[in-house]
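One-letter residues, chain by chain:
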Amino acid sequence: MNEVLTETPTVADFARTFRRIQAEIHKVIIGHEQAVEELLSALFAGGHVLIEGVPGTGKTTLVKTLGLALNLSFNRIQFTVDLMPADITGTRVILSGEDGRREFTFQPGPAFCHILLGDEINRATPKTQSALLEAMAELQVTVSGTTYKLEPPYFVMATLNPIEMEGTYPLPEAQLDRFLFKVRLNYPDERELTRIISSTTGPEDAGIEPLFDISDAPQRIEGLKRLVRDVMVAPELEIYAARLVRATQPQNSRFVTDEAKGVHDEMVNRYVMFGSSPRGAQALILGAKVGALLDGRANIAREDIDRIAISGLAHRIMLNYAAHSDGIDAAHIVERVIKSVRAARV
Amino acid sequence: MSFPSQDRRADEKLSEKLGLILGRVGSVRLRLNSLALQHATLYTLAIAIATAAAIYATAYLLSPLAFLIFTPLISLLAILGIVSAIRAGWRMRASAVRAAAIADERAELKGRLSTIIALAHKPNHGTLWSYLVEDTLGYRDEFAPARIERRRISRAIYPFAGAIFLALLALPLSRLRHKPLIAPDAVSDLTVDLDDLHLRAAEPGDESGMQVNADPETMRRLQDKLARENPTGSDATGNSLNSLVNRARDMAGHFQSKLTGQQPPSKQRLNLRLADSGANAQGDQIRRAPDAKKNRHGDVAGQFKQDQPHSGAELNLPRQDDSRPPNKWPTPNRNGENGTELGSGKDNPSNQDAAIDRSIQQGGENGSNGGEGHGIGADPDSLFGAPAASKLGTEGFEIAIEARPIDHGAKGAGHAYVPPKVRTPLNLNQQPDEPVARAAVPAEDRATIKRVFER
């Protein structure tokens with residue numbers, strides 16, 4: 001049964017729709033509540049998501065379920081070493097017309113959809129990985145000098161397998177930066193695992209009920225995305241987000257210009273090679289806006305930013321060798337940064 | 001589809017609601033600023049009152065030099081405290097944005113008020129503005145000023161009350177008075193031969209100077225002697241330092257006097273008349289001035305010390321060639337290291353009075369210890385007697401302990417202890433006691449001496 005939305009969605013509409021989508025997804029996906037929320041937050045914030053998780057944690061199922069619940073077109077690409085960019089974007093092929101003449105015709109690749117799953121993206125070569133860059137950032141692909149627009153909403157979810165690093169190509173920083181959030185899928189706990197077993201080994205599949213008609217689903221989603229953009233932000237919270245991002249940048253970095261104004265934690269200076277880019281601040285505010293709407297507010301609060309900070313900043317922070325040797329990960333750094341910025345708050 | 005009139009009415013309603021919110025935030029701000037102002041004012045007053053009380057108390061309790069050091073220190077601390085209190089009050093003041101942020105935090109409004117205050121004056125608010133205003137107004141009871149900040153009176157009232165309490169505690173000190181070191185009308189005669197005196201300027205910080213007053217000729221001679229013994233060129237720096245310290249001390253003393261309303265402990269004042277002046281045979285006495293207030297001009301010459309023992313500055317020692325009138329003071333034990341030491345061996349002239357008093361008292365004691373037959377004691381009735389016929393003194397001395405048996409009842413009745421008299425021989429370093437033999441006292445002086453001892 002399709003969700004009936006008014007033409008201009010309200011805050012209540014947004015929260016209700018969001019919760020409905022969550023509920024549909026959780027018919028299939030057991031657990032991973034935070035991951036699902038962040039995934040949907042990225043969708044409505046207009047970003048893309050990098051999903052990191054060990055095999056068998058439901059990455060592909062999650063993305064597939066989302067496509068079904070939103071009733072949007074969905075494609076999946078399994079990234080391999082020999083995958084070529086044209087395999088993603090599409091290519092021009094010679095086709096015979098009705099009049100018998102042969103001509104080059106553009107055959108769209110799997111990138112042409114609403115929801116794209118790039119499975120194990122780090123198995124493809126950087127050249128292929130970067131083929132997604134233009135699509136993700138500008139919602140267009142260029143093939144043989146011709147630019148083709150992608151239809152919004154466009155949502156890319158890429159998965160990373162963190163344990164099979166042999167023969168993989170870590171994502172370049174520029175491409176990592178284009179993902180709004182990085183969502184981590186951990187192993188389910190015993191209770192969740194029991195539910196997974198019982199729900200997936202029975203004769204019946206969980207029926208996913210689309211929330212929107214296929215005809216107006218993109219418009220509905222776009223309407224909700226516009227509502228997210230309308231959420232108001234007090235200037236002091238913009239400053240707070242900026243400080244968080246700046247605090248991830250090590251003081252000794254040659255790219256940090258005014259050192260005096262930054263809030264630099266000792267841990268950041270010691271373990272971080274490069275901090276977050278300005279896209280990190282955008283991610284914080286957009287994620288916070290979604291969080292505010294879910295809470296029934298038309299304004300963001302500091303808590304909204306803090307809640308989304310690890311997902312929005314951690315994958316943008318490049319750690320140095322000392323951090324790896326000391327077992328420090330980016331999430332630790334972000335937590336420390338939040339504490340230090342809050343402590344330095346006037 | 002809405003009509004323009006409906007839109008206008010909706011805008012008016014929205015403005016009205018926004019006004020309500022802004023008004024409440026304004027009230028919160030007013031209360032916060034009132035507390036900030038109270039904080040600064042009350043702390044400033046508390047520090048000022050406590051400092052004044054401390055200065056007032058120390059004016060009674062400390063010497064001028066200590067007061068001189070303490071007062072600027074505590075004043076500096078007070079100034080620092082006042083500055084920091086004012087700064088703290090200034091930091092506590094709340095702008096509208098800050099008041100909204102505080103209200104957000106205390107009422108857990110999650111930034112609603114801050115956002116409204118920040119965006120209220122912007123032209124384009126977006127589609128969710130009306131929702132935000134409505135939503136926030138729904139929490140209007142949560143951000144009422146009384147709920148955001150319950151206090152109307154700052155906590156700074158407590159230190160303020162404490163300071164007042166301290167000040168009240170300091171008030172009883174005004175009943176205390178410095179007991180004058182020297183009674184203004186005390187009289188002590190000191191016979192000094194000016195030629196035997198060694199004079200030097202007082203050390204800085206020396207609280208026991210003596211003011212000497214004399215006729216101009218005497219003062220001139222004293223100053224000449226002082227100048228001879230303390231050449232200006234050799235100790236110019238020290239003299240100027242002394243002068244500065246003395247001036248500072250005087251200033252502190254005056255300040256103390258103003259605060260306490262009492263005169264600073266006056267220095268010992270002496271009226272000096274030359275003993276070696278042939279024209280004025282009576283001027284060989286140094287006497288204390290009867291009226292201290294009239295004799296404030298002898299400070300320079302008055303700061304002198306006597307370093308030479310037995311230099312002739314003896315207390316009422318009869319001189320064979322002296323034509324002055326007979327002594328008005330009894331002569332204490334000559335070898336009793338009392339009266340004679342006082343005039344000669346004491347560095348500090350101001351202590352002479354006390355020493356004189358002691359000498360009188362100890363002289364009496366010596367009289368009773370050294371031999372009752374000498375008649376030298378505090379009892380005016382036994383002051384005079386027949387002159388000693390022979391040299392007094394023995395080859396030893398006796399210590400007699402007077403003790404009486406005390407009846408402790410049946411338990412201790414049989415154990416009363418009667419101390420024996422012990423006679424101890426002198427060792428090699430001891431000399432036999434030689435009390436001054438009683439001298440013949442002229443009959444016309446006896447009444448005067450007796451009157452002095454009666455006092």
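Please read all numbers here as calculations on a predicted model, not as lab measurements.

Engineer: Describe the overall build of chain B, naming the residues involved and giving the relevant values.
Structural biologist: If you tally the helices and strands in chain B, you get 13 helices and six strands. Looking at chain B as a whole, 37% of its 455 residues qualify as buried. At a minimum sequence separation of 6, the contacts of chain B that also span at least 24 residues come to 78%. Accessible area for chain B stands at about 27100 Å²; split by element, carbon and sulfur atoms hold 56% of it.

Engineer: Let's hear about the pattern of salt bridges: which residues, and what values?
Structural biologist: All chains considered together, the criterion is met by 21 salt bridges over all chains. The residue A:D295 makes a salt bridge to A:R297 at a minimum N-O spacing of 2.8 Å. Linking A:R342 and A:D306 is a salt bridge whose minimum nitrogen-to-oxygen distance equals 2.6 Å. In this pair, A:R342 is assigned in helix α15 (residues 330-343) and A:D306 in helix α13 (residues 302-313), connecting sequence segments 36 residues apart. Members of the salt-bridge network, linked through shared partners, are A:D295, A:R297, A:D304 and B:K110.

Engineer: Outline the packing of aromatic side chains, listing residues and values.
Structural biologist: What the rule picks out here adds up to seven aromatic pairs over all chains. Measuring from centroid to centroid gives 5.2 Å for A:F14 and A:F44, while their planes differ by 65°, and the two rings are edge-to-face. In this pair, A:F14 is assigned in helix α1 (residues 11-28) and A:F44 in helix α2 (residues 33-45), connecting sequence segments 30 residues apart. Here A:F14 matches A:F44 in class, with each residue buried. Positioned over the ring face of B:W90 is B:R93, at 3.9 Å from the centre of the ring.

Engineer: Tell me what's going on with the sheet that holds strand β2 (residues 74-78) of chain A, and back it up with residues and numbers.
Structural biologist: All names here are of chain A. Ordered by their spatial adjacency, five strands build an open sheet running β2-β5-β8-β1-β9, and the pairing between neighbours is parallel. In the strand order of this sheet, the two ends are held by β2 and β9 (181-185), each with one partner. Shown here is a sheet whose adjacent strand axes are inclined to one another by a mean of 20°, direction ignored. Judged from the five bridges that link them, strand β1 (residues 49-53) and β9 form a sheet pairing that is parallel. Counterpart to E52 in the pairing with β9 is R184.

Engineer: Account for the packing of α2(A) against helix α9 (residues 217-230) of chain A, with residues named and values stated.
Structural biologist: All names here are of chain A. It is at 8 Å that the axes of α2 and α9 come closest, and there the two elements cross at 90°. Between α2 and α9, the interaxial angle falls into the category roughly perpendicular. Taken together, the residues of α9 that come into contact with α2 (itself represented by L43, F44 and A45) are I221, L224, K225, V228 and R229.

Engineer: Before we move on, could you go through the interface of chain A and chain B and cite the residues and values that matter?
Structural biologist: Tallying the contact residues gives 18 residues for chain A and 16 residues for chain B. Summed over both sides, the interface of chain A with chain B buries roughly 1300 Å², with 64% coming from carbon and sulfur. Considering only the surface of chain A that becomes buried against chain B, A:D230, A:M232 and A:N299 emerge as the three largest contributors, covering 35% of it. If you look at where chain A meets chain B, you find six residue pairs in polar contact (both at pLDDT 80 or more). Breaking the side of chain A that touches chain B down by element, the ones donating at least two residues are α9 and α10 (235-247) of chain A. The class makeup of the residues in the side of chain A that touches chain B is 11 nonpolar, two polar and five charged.

Engineer: Give me the side chain of A:R316: which residues, what numbers.
Structural biologist: All names here are of chain A. Tracing the backbone through its elements, the reader meets R316 in the loop between α13 and β11 (318-319). Looking at R316, its side chain comes within polar contact range of the side chain of D177, at 2.7 Å. At 3.0 Å, the side chain of R316 and the backbone oxygen of F179 are in polar contact. Among residues more than four places away in sequence, those in contact with R316 are D177, F179, L180, F274, G275, S276, S277, R279, G280 and A283.

Engineer: So what's going on with the pairing of strand β6 (residues 140-143) of chain A? Which residues, and what values?
Structural biologist: Sheet analysis places β6(A) next to strand β7 (residues 146-149) of chain A, joined by four bridges and oriented antiparallel. Looking across to β7(A), one finds that A:T142 is bridged to A:T147.

Engineer: Mind laying out the nonpolar core, listing which residues take part and the relevant values?
Structural biologist: Nonpolar side chains tend toward joint burial in soluble globular proteins. Counting residues in hydrophobic clusters, the biggest one holds 101 residues, and the most contacted among them are A:F14, A:F44, A:L66, A:M157, A:I305, A:I333 and B:W129. A total of 10 residues in this core trace back to one element, the largest contributor, which is helix α12 (residues 278-294) of chain A. Not counting residues up to four positions away in its chain, the partners in contact with A:L66 are A:I21, A:I25, A:L39, A:L40, A:I115, A:F155 and A:M157. Formed by 26 residues, the second largest nonpolar core is a distinct cluster that contains A:A111, A:A124, A:V143 and A:V156.

Engineer: I'd love a proper account of a nonpolar patch on the surface, names of residues and values included.
Structural biologist: On the surface, a nonpolar cluster with roughly 320 Å² of combined accessible area is contributed by B:L76, B:L77 and B:L80. Examined against the element boundaries, B:L80 turns out to sit in helix α2 (residues 64-92).

Engineer: Give me the lowdown on the environment of A:L224, citing residues and values where you can.
Structural biologist: Residues and elements named next belong to chain A. Note on placement: L224 falls in helix α9. When the C-alpha atoms of L224 and L43 are compared, they prove to be 10.0 Å apart, with 181 residues separating the residues in sequence. Beyond its immediate stretch of four places on either side in the chain, L224 contacts P9, F14, T17, F44 and F212.

Engineer: Before we move on, can you summarise the side chain of A:T159 with the specific residues and values?
Structural biologist: All names here are of chain A. Its location among the elements puts T159 in strand β8 (residues 155-160). Among the residues examined, T159 registers a relative accessible area of 0% and is labelled buried. A distance of 2.6 Å separates the side chain of T159 from the side chain of D119, its partner in a polar contact. Discounting residues that sit within four places of it in the chain, T159 has contacts with I51, K59, L117, G118, D119, E120, I121 and N122.

Reading the values: the criteria
- Residues numbered from 1 in each chain as written.
- Chains lettered and ligands numbered in written order.
- Predicted model: local features only at pLDDT ≥ 70, side-chain atom pairs only at ≥ 80, totals over all residues.
- Heavy atoms only, no water.
- Helix = DSSP H or I, 4+ residues; strand = E, 2+ residues; numbered from the N terminus.
- Buried < 20%, exposed > 50% of the residue type's maximum accessible area, 1.4 Å probe, protein only.
- Contact = heavy atoms within 4.5 Å.
- Areas by Shrake-Rupley, 256 points an atom, 1.4 Å probe, with all protein chains shown as cover.
- Salt bridge = Lys/Arg side-chain N within 4 Å of Asp/Glu carboxyl O.
- Phe/Tyr/Trp six-rings, centres within 6.5 Å; stacked < 30°, edge-to-face > 60°.
- Lys NZ or Arg CZ within 6 Å of the ring centre and 35° of its normal.
- Pairing = 2+ DSSP bridges.
- Axes fitted to C-alpha atoms, helices over the stretch in contact; angles between N-to-C directions.
- Parallel < 35°, antiparallel > 145°, perpendicular 65-115°, else oblique.
- Buried area = accessible area lost by both parts, 1.4 Å probe.
- Polar contact = N/O pair within 3.5 Å; in protein donor to acceptor, adjacent residues only side chain to side chain.
- Nonpolar A, V, L, I, M, F, W, Y, C, P; charged D, E, K, R; others polar.
- Core = buried A, V, L, I, M, F, W, Y, C linked by side-chain atoms within 4.5 Å.
- Patch = residues over 30% accessible without salt bridge, like charges linked within 9 Å, V, L, I, M, F, W, Y side chains within 5 Å.

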